[in-house]
Structures are given as structure tokens and as C-alpha cells.
Amino acid sequence: MFITFEGIDGCGKSTQISFFKKTLKEKGISLVVTKEPGGTKIGQAIRRVLLDVDNTHIVPLAELFLYEADRTQHVSEVIKPALEAGKWVICDRYFDATTVYQGVILGQHENLIEQLNHEATLGFKPDITFLLDCPAEVALKRIEKRDKTGKKKDRFERKTLDFHIKIRYGYLALANKHKDRFRIIDSTLPEDHVARKVREIISPYLPKGLMD
Ligand code: TYD
């Protein structure tokens, strides 16, 4: 199984992924939990360039190519081998993030993004994509709180409310287009409710005997 988590910055992905990882481990499922950008050593170097607050002058196409470079290294080194070994792969963001974020930033080049996504992923598509959906105002408040605890905002987290609103609606439109694999969860709900919904959705995919 290949499962991805998507949503605007501050939607609660990291928390839900760590709950979900714990659930799957307790069931004895062999899994790899990974992320984009930065799921490999080369990817971590790319991630630093992408999220550096001093790199506001990065041009949109350079940004797109860096996300795709990170992705194809990641699929080759981590995702493909894990899936071929029969493991579950849980990935924090994947090609949908490029479709939405770079789609909003570039404002055109839809076909180019789609083509690069296809090449970079070597055709590996998620079976299920969880979209943790919440209003941008709620997500930005969570980021502000995190900022006060010492975790400094990255280049994307510093963008305007209007940008994050566009990203939210971009994700909802994409989820509507790919209803077969997207599952939308309201992430303004308490953390344990969101975690329960994730478990309920996944339950039918667990090996017999491990279902909830
Ligand atoms: P993320 O790792 O989710 O941030 P954090 O670890 O701080 O929660 O993502 C970093 C940023 O990169 C996020 O703002 C979204 C952006 N991004 C894109 O613009 N395009 C992409 O293809 C990906 C994977 C991420």
C-alpha cells in the first residue's frame, strides 16, 4: 500500500502521520514513513535550498525542477524499493503538492507539471491520499503557535493568508477530480477524531485478522 498525506501548511499532517505510524506498527505492518521534500540525503540538500527564507528570489520554474529532482531521487532510492519489497509506504506530501503549490505559484504550465510529475514518480501513484482539510486561518494560527515555541517559519509558511487560501481550494478541487484515491478529512476536529477517521478508512485494506 502506498499512502500519502496532503494539506496546507499547519493542517496537522505531521501529528496524524505519527499516530498512524504507531497504529500500523502495533499491527505488525512492515512500513516506511518518509517525506517530500527531503526523503533522501540529496533531497535534504534540495530541501534546504527550497525552504531557505533567504531564497525569496528563486524563480518559479527552478523551484518546480527542484521539487521534481527531490521526488525522482526519493522514488528511486526509497519508495520504489520499499513497495517492491511489499512494504507499506506512508509519505508526507507527494506529487499532489507540486500540482497544487507550483500550480498556484506558476499560474500556468499545468501540462508541464503533470508531465514532470509522471516522469519523476516513475509512474508510482498512491493508492490512498488523505487530504487534511482546514481553513487557512486555522492552519496559520497553528503555525504562529509553533513559531512561539521556537520552530521558525520556513519560506512557504511566511506566505500570505491569500496564498494559503488558494492552496486549500486547489487541494479541494484536485480531490474532487481524483475521487478514487482522495479521502478528505476535516482537520479542525480534535486530533483523536481525525486519527480515528484515518484508521476507519484504512481498516478494509489491512490484512485479514488485523482489521479494527
Ligand atoms: P513540509 O515538509 O510539509 O513542511 P513542514 O515539514 O514544515 O511541515 O513542506 C515544505 C513546504 O514545501 C510546504 O510549504 C509545501 C512545499 N511544497 C511544494 O511547494 N511543492 C511540493 O511538491 C512539495 C512536496 C512541498
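So, here's what we can say about the structure. What you are looking at is a predicted structure, and each value in this text was computed from that prediction instead of being measured. (Residues numbered from 1 in each chain as written. Predicted model: local features only at pLDDT ≥ 70, side-chain atom pairs only at ≥ 80, totals over all residues. Heavy atoms only, no water.)

Thoughts on the overall build of the chain
Item 1. Secondary structure summary: the chain contains 8 helices and 5 strands in total.
Item 2. When the helices and strands of the chain are listed from N to C terminus, the series reads β-α-β-α-α-β-α-α-β-α-α-β-α.
Item 3. Here the chain has a C-alpha radius of gyration of 17 Å; the compact-globule value for 212 residues is 17 Å, and the two agree.
Item 4. For the chain, the proportion of its 212 residues judged to be buried stands at 45%.
Item 5. Restricting to contacts in the chain with at least 6 residues of sequence separation, those with at least 24 account for 79%.
Item 6. Of the accessible surface of the chain, which amounts to about 10,900 Å², a share of 53% is contributed by carbon and sulfur atoms.
Item 7. For the chain, the distance from the average position of its 35 positive side-chain charges to the average position of its 30 negative side-chain charges is 4 Å. (Helix = DSSP H or I, 4+ residues; strand = E, 2+ residues; numbered from the N terminus. Rg over C-alpha atoms; globule rule 2.2 N^0.38 Å. Buried < 20%, exposed > 50% of the residue type's maximum accessible area, 1.4 Å probe, protein only. Contact = heavy atoms within 4.5 Å. Areas by Shrake-Rupley, 256 points an atom, 1.4 Å probe, with all protein chains shown as cover. Lys, Arg positive; Asp, Glu negative; His and termini not counted. Charge placed at Lys NZ, Arg CZ, Asp CG, Glu CD.)

With respect to the pairing of strand β1 (residues 2-6)
Item 1. Counted residue by residue, β1 has 5 buried out of 5 residues, so it is predominantly covered.
Item 2. What you see with β1 is no split at all: F2, T4 and E6 on one side and I3 and F5 on the other are buried throughout.
Item 3. As judged from the 4 bridges shared by β1 and strand β3 (residues 88-92), these two strands associate in the parallel manner. The residue of β3 that forms the bridge with F5 is D92.
Item 4. In this structure, β1 lies alongside strand β4 (residues 128-133), joined through 4 bridges in parallel fashion. Its bridge partner being in β4, F5 is matched across the sheet by F130. (Pairing = 2+ DSSP bridges.)

A few points about the sheet that holds β1
Paired through backbone hydrogen bonds, the strands of a sheet run either parallel or antiparallel to each other.
Item 1. With parallel pairing, 5 strands are arranged side by side in an open sheet as β2-β3-β1-β4-β5. The open sheet is flanked by β2 (31-35) and β5 (182-186), the only strands paired with a single partner. With direction set aside, neighbouring strand axes in the sheet form an average angle of 20 degrees.
Item 2. Sitting on the sheet, helix α7 (residues 161-177) is in contact with β1, β4 and β5, with an inclination near 145 degrees to β4. (Axes fitted to C-alpha atoms, helices over the stretch in contact; angles between N-to-C directions.)

Some details on the pattern of salt bridges
Item 1. Per the stated rule, a full pass over the model turns up 14 salt bridges.
Item 2. One salt bridge connects R71 with E68, and the closest N-O pair in it is separated by 3.1 Å. Here R71 and its partner E68 are both found in helix α3 (residues 60-84), 3 residues apart, which amounts to about one turn of the helix. Each member of the pair R71 and E68 is classed as buried.
Item 3. Here K153 and E144 are joined by a salt bridge, their closest N and O atoms 3.2 Å apart.
Item 4. Salt bridges sharing common partners tie together E6, D9 and R93. (Salt bridge = Lys/Arg side-chain N within 4 Å of Asp/Glu carboxyl O.)

Examining the packing of α3 against helix α4 (residues 95-106)
Relative orientation and spacing of two packed helices are given, respectively, by the angle between their axes and the distance between those axes.
Item 1. α4 packs onto α3 with a crossing angle of 175 degrees between their chain directions and a minimal axis gap of 10 Å. Accordingly, the angle class assigned to the pair α3 and α4 is roughly antiparallel. Residues P60, L61, E63, L64, Y67, E68 and R71 of α3 pack against F95, T98, Q102, I105 and L106 of α4.
Item 2. Considering only residue class, the contact of α3 with α4 consists of 7 nonpolar, 2 polar and 3 charged. (Parallel < 35°, antiparallel > 145°, perpendicular 65-115°, else oblique. Nonpolar A, V, L, I, M, F, W, Y, C, P; charged D, E, K, R; others polar.)

Some details on the environment of E68
Item 1. For E68, a relative accessible area of 6% puts it in the buried group.
Item 2. Between the alpha carbons of E68 and Y94 there is a distance of 9.9 Å; along the sequence they are 26 residues apart.
Item 3. Of note is the side chain of E68, whose polar atom sits 3.1 Å from the side chain of R71. (Polar contact = N/O pair within 3.5 Å; in protein donor to acceptor, adjacent residues only side chain to side chain.)

Description of the state of the cysteines
Item 1. Enumeration according to the criterion identifies 0 disulfides in this entry.
Item 2. Just so you know, C11 is unpaired, no disulfide at all, and the nearest cysteine sulfur is the one on C134, 6.1 Å from it.
Item 3. In this model C91 remains outside any disulfide bridge; the closest cysteine sulfur is found in C11, 14 Å from its own. (Disulfide = S-S within 2.5 Å.)

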